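Residue-level structure breakdown
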Amino acid sequence: MTTSAFLTDSTLCIGCKACEVACKEWNGVSSDGFDWSGLSYDNTFSLGARTWRHVKFVEGIPEVGKGGNDPGGSPWNFSSDVCKHCEVAGCLEACPTGALVRTEFNSVFLQPDVCNGCAYCVVSCPFGVLERDVEDGRAFKCTFCYDRQKAGLTPACAKVCPTQSIQFGELDDLRVRAQKRVEELRERGVEDAVIYDPQHTSVKGTHAVFIVRGDPKMYNLPPNPEVPTESLRTGWTSAAIAAGFMLAGTLVAFLGAGAKRL
Amino acid sequence: MSELSRVQPEVVPELEKEQRLSLIQCEALQFVPASASSFPVATTKTGYYELPMVKEPSWSWEVPLYFFIGGAAGSAGVIGAVARLTGDRSGLVSHARKIAFAGAVLSPALLISDLGRPARFLAMLRVFKPQSPMSVGVWVLMAFSGGATLSNAGEWLEDRSPYSRLTGLMQNLGDIASLLFGLPLVTYTGVLIGATVIPAWKRNMALLPAHFAASGMAACVGLLELMGHENPALQALGVGSALVETGMGASIELNPDPAMKPLKHGPSGWLTRLGGALSGPVPLVLRACSFFASRKRASMLRKYAAVSSVVGSAITRVAWVHAGHISARESRPT
């Protein structure tokens, strides 16, 4: 089984949003509104039911008298975000219908004909990717262009990216490529380039790896994403103890009351 | 005087025109973000423009109501079965079964209403996934509903059918199922919201199932008391659950974890406190007073405690869901 992956190299992103457009067009995703966010050039806010690729515009705090091209001036970074297709996916574990499945490309696919809109995946994704569509009632997310991959094609976003900021390939290859690229960037003086690939957390790595400049937190990429199933043992233990006390308490209460009557 | 000022007509202030300009300003002001003075920025501390890290729960009002009803019904299953087992003949068993049955009917109805249409509920019955509390819960609810229906049907048929052994068996099986699945029905909702990425819920995973168990018990005891039962066992259970709820409230108040903020501050915090007070200290004091009051007064005080517990239990579930929304809105990458 091959593991398909995205490597999103933010140092190459020009913020053109062609990925957003291509994704919407290929997958027939509805409009996500025409809102002016006031947050740099980002007007789609975050990933959601109708935004499966989302270009982030991380704008530094401007300094008076320093233009964008001045060395040491305020940085302006772009990064195209997408569903991480986690190795251990919170949404996949949480889904009670089996609508979310692991595909032959090791991606996480949501089958819309099975999804019942229970929205449990929405609160199980540590990256805030899934969302319940307000009109449809079901949850939606990036399909990793499962249909295109089945036909041997590159996902729409990667195909249209004009700068190869979005690269598609085999996960292990892309991890090597990311390492090389960051080393190369550092040699060229881009000291703050880092790889975002949380392999040592409970999600055990993502199938969407990112190269970003600066702290990934500025891009809402959490350093410690947690899969909710991690806490199930605590939860069920507490539930079992509570149930035990409930039963014992009720038995004692009724036996005591019965004894009083006699 | 220059040439310019002579050609310009002098403006006479007109109240109507000035008011119109103020009106335009008022209309334009609604497009100014609330934090216009400190426009959000993308930093390590604020995350990406202070946008939430995780998504808000998108359940409708039916879900917290289901948590409440399911909790009360599950407890009724347990109380009814235990009361029958210990030989209660006061009609409490029958009333407890009816509460369980009402919950068994209302719960799937509420969930279907949240999902939108009935066929969507069935999608959950095509698989069983032990790693998904939602899947475990829906099967527990189905088994409980079956049990509650069976014992009620057995009871109804008892006087109408000649097959007393069959109706007896139906009641036995139904009560056993109500007991076995009532216990997880009350507690699983705590696991359900605890096993998420919502900080205020996730951090309370150990507390939530026990909290919801006590809350469900208190609601069921209250309902039975309001139906006219004055069994001392109910009083004991009422005192017990009010004690546990008082402890839960104190532990929420004293927990210094920043993730607890939505449970202590703002409207969601006050809602949590209101629910906590009505489930814990208020019924506890009322029940304590009832021990020293005259028979008539004691019965009155117990009724007040019952109302307080039922309302408190419902508010508690709404408050937790509401706090989850606030917690998600305030979540940042960690």
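No experiment lies behind these values; they were computed from the predicted model shown. (Residues numbered from 1 in each chain as written. Chains lettered and ligands numbered in written order. Predicted model: local features only at pLDDT ≥ 70, side-chain atom pairs only at ≥ 80, totals over all residues.)

1. Some remarks on the interface of chain B and chain A
- Opposite the 65 residues of chain B that make contact, chain A presents 64 residues.
- Secondary structure elements with two or more residues in the side of chain B that touches chain A: α3 (62-85), α6 (133-158), α7 (164-194), α9 (208-226) and α10 (232-254) of chain B.
- Per-element tally for the side of chain B that touches chain A: the top contributor is α7(B), with eight residues.
- Residue composition of the side of chain B that touches chain A, grouped by class: 42 nonpolar, 17 polar and six charged. (Contact = placed C-beta atoms within 7 Å. Helix = DSSP H or I, 4+ residues; strand = E, 2+ residues; numbered from the N terminus. Nonpolar A, V, L, I, M, F, W, Y, C, P; charged D, E, K, R; others polar.)

2. Digging into the environment of V244(B)
Residues and elements named next belong to chain B.
- Mapped onto the elements of the fold, V244 is located in helix α10.
- Judged by local crowding, V244 falls into the buried class, with 23 C-beta atoms found within 10 Å.
- Each C-alpha atom of the pair V244 and S215 lies 8.8 Å from the other, and the pair is 29 residues apart in sequence. (Buried ≥ 20, exposed ≤ 12 C-beta atoms within 10 Å, placed from the backbone.)

3. Overview of the pairing of strand β10 (residues 208-213) of chain A
Residues and elements named next belong to chain A.
- For β10, a buried count of five out of six residues is recorded, marking the element as mostly surrounded by other parts of the structure.
- Here four bridges tie strand β1 (residues 4-9) to β10, and the two strands are oriented parallel to one another. Opposite D9, over in β10, you have I211 as the bridge partner.
- The pairing of strand β9 (residues 193-196) with β10 spans four bridges and is antiparallel. Counterpart to V194 in the pairing with β10 is V212. (Pairing = 2+ DSSP bridges.)

4. A look at the domain arrangement of chain A
- When its domains are assigned, chain A resolves into domain 1 (4-226) and domain 2 (230-262).
- For domain 1 of chain A versus domain 2 of chain A, the distance between C-alpha centres works out to 47 Å. (Domains from an automatic or database assignment.)

5. Some thoughts on the nonpolar core
- Core analysis: the largest hydrophobic core is formed by 171 residues, its most contacted members being C91(A), C121(A), A139(A), A72(B), A96(B), A213(B) and C220(B).
- Taken together, domain 1 (4-226) and domain 2 (230-262) of chain A each give at least three residues to this core, which thus spans both.
- For C220(B), the residues in contact, after removing those within four places along its chain, are A72(B), S75(B), A76(B), I79(B) and I99(B). (Core = buried A, V, L, I, M, F, W, Y, C linked by C-beta atoms within 7 Å.)

6. Observations concerning helix α11 (residues 266-279) of chain B
All names here are of chain B.
- Compared with the 20 Å implied by 1.5 Å per residue over 14 residues, the 20 Å span of α11 between its first and last C-alpha is a close match.
- Buried residues of α11: S268, G269, L271, T272, G275, G276, L278 and S279, and no others.
- Structurally, α11 contributes buried residues whose contacts are with α9, α10, α12 (281-292) and α13 (295-329). (Expected span 1.5 Å × (residues − 1).)

7. Focus: the sheet that holds β1(A)
Residue and element names in this part refer to chain A.
- In space, the four strands of this open sheet follow the order β8-β1-β10-β9, with mixed pairing throughout. This sheet does not close on itself; its edge strands, each paired only once, are β8 (166-170) and β9. Neighbour-to-neighbour, the strand axes of this sheet turn through a mean angle of 20°, independent of strand direction.
- Sheet strands touched by helix α5 (residues 171-187): β1, β8, β9 and β10. Its angle to β8, the strand with the most contacts, is close to 135°. (Axes fitted to C-alpha atoms, helices over the stretch in contact; angles between N-to-C directions.)

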